[in-house]
Amino acid sequence: MDNIEFIHFEEIDSTQTYAKQNVEKFKGKNIAIRADYQSHGRGQHDRKWESNKSKNIYVTYVLGFNQLQYISNIPLVTALVVLDTIKQYTTLQPQIKWPNDVFINDRKTCGILEESEFQDKLTLFIGIGVNIDKSPEYATNIESEYKQQIDDKEFYKSLSYRLIEYLQKLDTNGFQQFVEPLNQILYKRDQVCEFVHPKTDEVLYKGQLIGINDLGLLQIRQDDGLLITIQNDFALSQNHALVEKLPLLKVDANHPKNLISFMKGDPTEFGFKECQMTNAGYDIVRASISKSENHSYGPSCGTTQARQAILKHYDYNHNLTINDVIITAGVNQGLLYCLLGICDSGTNILVPEIGYPFFQNLAPTYGVQVRQYKLKSEKNWEIDIDSLNELIDEKTQFLFIINPSNPCGSVFSKNHIQEIINWAEDNKILLVADEVYHGMSFTDYTSFGQLANQGPIITLCGVEKILYVPGWQTAWMIFYDKNKLATQVKQCIQNLTQLWLHSNTFIMNSLDQLLDLVNNPAPLFKENHDKIINRINQIKGFKCIPAQGTIYVGVLVDLQFENDTEFALQLLKEENVQVMPLSWLGSDKYQGFRLLTIANHEIYEQLFERLAQFSMRYQKQ
């Protein structure tokens, strides 16, 4: 990545526009496009970037990059590159104004515009404008501040190679290595600031600027003491990584091959006859709809009738009361309640290194650190207890577990669940268990609620997967807390329910009868599961890890791709097969994809043939 092809123009409309128009011929190279003058230079939010014929640097870099999760950090790292280059040639003390400007003595001297596109590979277009000897009235330049001349050609050369170096570090080792250096030179740090909308100048937030967190998001403390986290454009970031990446796998409607998509974790997607609500279930709901009392607001924690139905099926002889049950609009709402009701800013939670990534980006926006514990893929994805011991500290708020697992299809044994509960009780840690695939096991199944003993456990489940009606969005949280250790947590979450209320009333009041219809279809999927394992493991470059239940199986990929995102994009482009990369589900440690076990025979035969053909084209040399 060290070689750079330098391109120079005396005058051009925009180096950024030129770079994007010629991206095809620049692929696989490191390109630097500099102009002495730009007639239509662009900055952030399509603002005009003023450029004059001078020693100023107006340049766009076209570079390759691998790790999608760090794209949002590139403007900050690029600003650090400019700042360190200024310090190399002067004794000035520039600072970085989050998210992407370099300031000297309270005035802007550099602006950065980062754009990207993903076709076969990720390509960055990084535009940098550095005022060397001239600047508009509202800004400043290096020479006027330093009182000495700067060799702009040497500065440009050093800037270019430093950018390559820093981005290589980001791509290889992640963003955390830059957090402390950036906080040391952060403009206005520890001062009270107003944060305005970039287009309307409306004041959105006011508070003390604390610094940037491990995701590169800005943290400020308001007058009321509340620590809030903001992202670029000063909008609260509440989208997890999975949602941010989904648009990359865009389907070509004109592709010559029919689409095979395994993206949605929706048991109804393929029309599998065992993954449908029964006629008896529809009759139950119709009867509930016909009752006028089922069209009114109920208690914010759910109707008494609904909570009693949950106790009937999931009490496990613990003598729980309806006060131990909260009805939610989907399991995700329950997870959000756990985050808001249990965690304060500055605390941390433990989550699996691979699993549904609900907390990964959401928690940091509330100042909560996410720590990923290791799983043992060779032991049915069991939790590595030693990893938990390495991660836990006095600020750890809860251990988050997904069992049965999405995307691995793992189902913990009764002994392993007991081992996890024992660890939590020994370390006085609350357990939060996502059991949305409750009971979907090829063999015996044990809920965390069944083995709950001294320490508090919160389990979450819902009708969406166990009754094959994900669109109904009716779920529940159950507090198993024999010693009343989590009473305050439960009260806080009960208070939070008043913000969003509950699921719809007629579904809640159907639960008693609906839950009688629950059965375990997982053994029916075992035939598909075994077929997938057998056939895909015969294709060179793929390896399936056997599941113990659910509707998923994980497939590892070892082909000519730098990561599984690149693999998935190319597979979609060539074979019109759409799959979820495993790295999108928590960690880049496992490179592969998630496959569903609920399609029909014809779909799998097409899939196996396409994977085999694709594999032949991309074998490692």
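Note that the structure is a prediction, hence the values are computed from the model and not measured.

Examining the overall build of the protein
At step 1: The number of helices and strands found in the protein is 21 helices and 26 strands.
At step 2: Scaling as 2.2 N^0.38, a compact globule of 621 residues should have a C-alpha radius of gyration of about 25 Å, and the protein matches this with 27 Å.
At step 3: Seen through its principal axes, the protein has C-alpha atoms that stretch 80 × 60 × 50 Å.
At step 4: Each of the 621 residues in the protein was classed as buried or not, and the buried ones make up 58%.
At step 5: Expressed as a percentage of contacts within the protein between residues at least 6 apart in sequence, the contacts between residues at least 24 apart total 69%.
At step 6: When the accessible surface of the protein is summed, it comes to about 26,900 Å², and 45% of that surface belongs to carbon and sulfur atoms.
At step 7: Looking at charge distribution, the protein has the averaged site of its 57 positive side-chain charges lying 2 Å from that of its 74 negative ones.

A look at the packing of helix α20 (residues 564-575) against helix α21 (residues 601-617)
At step 1: At their nearest, the axes of α20 and α21 sit 11 Å apart, and the two run at 115° to each other. Put simply, α20 runs roughly perpendicular to α21. Crossing geometry of α20 relative to α21 is assigned as right-handed. Within the contact between the two elements, α20 uses Phe567, Gln570, Leu571, Glu574 and Glu575 and α21 uses Arg610, Leu611, Gln613, Phe614 and Arg617.
At step 2: Looking at the contact of α20 with α21, its residues break down into four nonpolar, two polar and four charged.

A closer look at the packing of aromatic side chains
At step 1: Under the counting rule described, the total for this entry stands at 26 aromatic pairs.
At step 2: Ring centres 6.0 Å apart and planes at 65° place the aromatic pair Phe542 and Phe567 in the edge-to-face group. Of this pair, Phe542 sits in strand β22 (residues 542-545) while Phe567 sits in helix α20, placing them 25 residues apart in sequence.
At step 3: Taking the relative accessible area as the measure of exposure, Phe542 reaches 5% and is therefore buried.
At step 4: Relative to Tyr618, the ring of Phe614 lies with its centre 4.8 Å away and its plane at 40°, an arrangement referred to as tilted.
At step 5: Classification of Phe614 as buried rests on a relative accessible area of 0%.
At step 6: An aromatic cluster is present here, built from Phe542, Phe561, Phe567, Phe593, Phe614 and Tyr618 joined pairwise through their rings.
At step 7: Against the face of Tyr156 rests Arg34, its NZ or CZ located 5.0 Å from the ring centre.

Digging into the sheet that holds strand β25 (residues 580-581)
At step 1: Sheet architecture is open: four strands sit in the order β22-β23-β26-β25, paired in antiparallel fashion. Only two strands of the sheet have a single neighbouring strand rather than two, namely β22 and β25.
At step 2: Sheet analysis places strand β23 (residues 552-557) next to strand β26 (residues 592-596), joined by five bridges and oriented antiparallel. For Tyr552, the partnering residue across the bridge sits in β26 and is Leu596.
At step 3: Along the sheet face, helix α19 (residues 522-536) touches β22, β23 and β26 and points at about 150° away from the line of β22.

Quick look at the environment of Leu514
At step 1: Structurally, Leu514 is set in helix α18 (residues 511-514).
At step 2: Distance in space between the C-alpha atoms of Leu514 and Lys108 is 63 Å, their sequence separation being 406 residues.
At step 3: Apart from the residues lying within four places of it in its own chain, the contact partners of Leu514 are Met277, Gly281, Ile284, Val285, Leu467 and Trp472.

Let's talk about the nonpolar core
At step 1: With 134 residues, the main nonpolar core has Phe262, Phe359, Leu399, Phe448, Trp476, Phe542 and Phe567 as its most contacted residues.
At step 2: The dominant element in this core, judged by the number of residues it contributes, is helix α10 (residues 331-342), at seven residues.
At step 3: Not counting chain neighbours up to four residues away, the residues in contact with Phe542 comprise Ile536, Asn537, Val555, Leu556, Val557, Leu559, Phe567, Phe593, Leu611 and Ser615.
At step 4: Core analysis: the next-biggest nonpolar cluster, separate from the first, contains 57 residues, Ile4, Leu68, Ile150 and Ile185 among them.

Notes on the state of the cysteines
At step 1: In the structure shown here, the tally under the stated rule is zero disulfides.
At step 2: As a non-bridged cysteine, Cys193 has Cys110 as the owner of its nearest cysteine sulfur, 20 Å distant.
At step 3: Owing to a relative accessible area of 13%, Cys193 belongs among the buried residues under this scheme.
At step 4: Note on Cys275: no disulfide assigned, nearest cysteine sulfur contributed by Cys461 at a separation of 15 Å.
At step 5: Judged by relative accessible area, Cys275 falls into the buried class, the value being 1%.

Quick look at the pairing of strand β20 (residues 457-462)
At step 1: β20 sits mainly inside the fold: six of its six residues count as buried.
At step 2: Pairing geometry for β20 and strand β21 (residues 475-480), over six bridges, is antiparallel. Bridging across to β21, Thr459 finds its partner in Ile478.

Considerations on the pattern of salt bridges
At step 1: Going through the model one piece at a time under the given rule, you end up with 21 salt bridges.
At step 2: Between Glu115 and Lys20 there is a salt bridge, with the nearest N and O atoms lying 3.6 Å from each other. Of this pair, Glu115 sits in strand β6 (residues 107-118) while Lys20 sits in helix α1 (residues 15-21); the two residues are 95 residues apart in sequence, bridging distant segments of the chain.
At step 3: Here Lys20 falls in the partly exposed class, since its relative accessible area comes to 33%.
At step 4: Among the charged side chains, a network of salt bridges with common partners joins Lys257, Glu574, Glu575 and Arg617.

A short note on the confidence of the model for the protein
At step 1: The pLDDT averaged across the protein works out to 88; a share of 92% of its residues lies at or above 70.
At step 2: Taking the mean pLDDT of every element in the protein, the minimum, 53, falls on helix α7 (residues 241-245) and the maximum, 97, on strand β19 (residues 430-434).
At step 3: Of the regions scoring below 50 in pLDDT, residues 43-50 engages in 26 contacts with residues more than four places distant in sequence or in other chains.
At step 4: With pLDDT under 50 throughout, residues 233-241 is counted as low confidence; its partners more than four residues away or in other chains account for 26 contacts.

Remarks on helix α13 (residues 414-427)
The α-helix advances 3.6 residues per turn, and as a result positions three or four apart in sequence lie on the same side.
At step 1: With 14 residues, α13 should reach 20 Å at 1.5 Å per residue; the first-to-last C-alpha distance of 20 Å fits that figure.
At step 2: Those residues of α13 that fall on the buried side of the exposure criterion are His416, Ile417, Ile420, Ile421, Trp423 and Ala424. Seen end-on, α13 carries its buried residues on one side only, within an arc spanning 160°. Looking at α13, the residues exposed on the side facing more than 90 degrees away from the buried face are Lys414, Asn415 and Asp426.
At step 3: Positive backbone phi, at 55°, marks Lys428, one or two positions downstream of α13.

Structural notes on the side chain of Thr505
At step 1: Its place among the elements puts Thr505 in helix α17 (residues 505-508).
At step 2: Note on Thr505: relative accessible area 8%, which makes it buried.
At step 3: Only 2.7 Å separates the side chain of Thr505 from the backbone oxygen of Ser296, close enough to count as a polar contact.

Brief notes about the side chain of Glu353
At step 1: Checked against the element boundaries, Glu353 lands in the loop between β14 (348-352) and α11 (359-362).
At step 2: In terms of polar contacts, Glu353 uses its side chain to reach the backbone amide nitrogen of Leu375, at 2.9 Å.
At step 3: Polar contacts involving the side chain of Glu353 include one to the side chain of Lys589, which spans 3.4 Å.
At step 4: Apart from the residues lying within four places of it in its own chain, the contact partners of Glu353 are Gln372, Tyr373, Lys374, Leu375, Leu585, Gly586, Ser587, Lys589 and Tyr590.

Criteria and cut-off values
- Residues numbered from 1 in each chain as written.
- Predicted model: local features only at pLDDT ≥ 70, side-chain atom pairs only at ≥ 80, totals over all residues.
- Heavy atoms only, no water.
- Helix = DSSP H or I, 4+ residues; strand = E, 2+ residues; numbered from the N terminus.
- Rg over C-alpha atoms; globule rule 2.2 N^0.38 Å.
- Buried < 20%, exposed > 50% of the residue type's maximum accessible area, 1.4 Å probe, protein only.
- Contact = heavy atoms within 4.5 Å.
- Areas by Shrake-Rupley, 256 points an atom, 1.4 Å probe, with all protein chains shown as cover.
- Lys, Arg positive; Asp, Glu negative; His and termini not counted.
- Charge placed at Lys NZ, Arg CZ, Asp CG, Glu CD.
- Axes fitted to C-alpha atoms, helices over the stretch in contact; angles between N-to-C directions.
- Parallel < 35°, antiparallel > 145°, perpendicular 65-115°, else oblique.
- Left-handed = near helix turned anticlockwise from the far one by under 90°.
- Nonpolar A, V, L, I, M, F, W, Y, C, P; charged D, E, K, R; others polar.
- Phe/Tyr/Trp six-rings, centres within 6.5 Å; stacked < 30°, edge-to-face > 60°.
- Lys NZ or Arg CZ within 6 Å of the ring centre and 35° of its normal.
- Pairing = 2+ DSSP bridges.
- Core = buried A, V, L, I, M, F, W, Y, C linked by side-chain atoms within 4.5 Å.
- Disulfide = S-S within 2.5 Å.
- Salt bridge = Lys/Arg side-chain N within 4 Å of Asp/Glu carboxyl O.
- pLDDT = per-residue confidence, 0-100.
- Expected span 1.5 Å × (residues − 1).
- Arc of directions from axis to C-beta.
- Polar contact = N/O pair within 3.5 Å; in protein donor to acceptor, adjacent residues only side chain to side chain.

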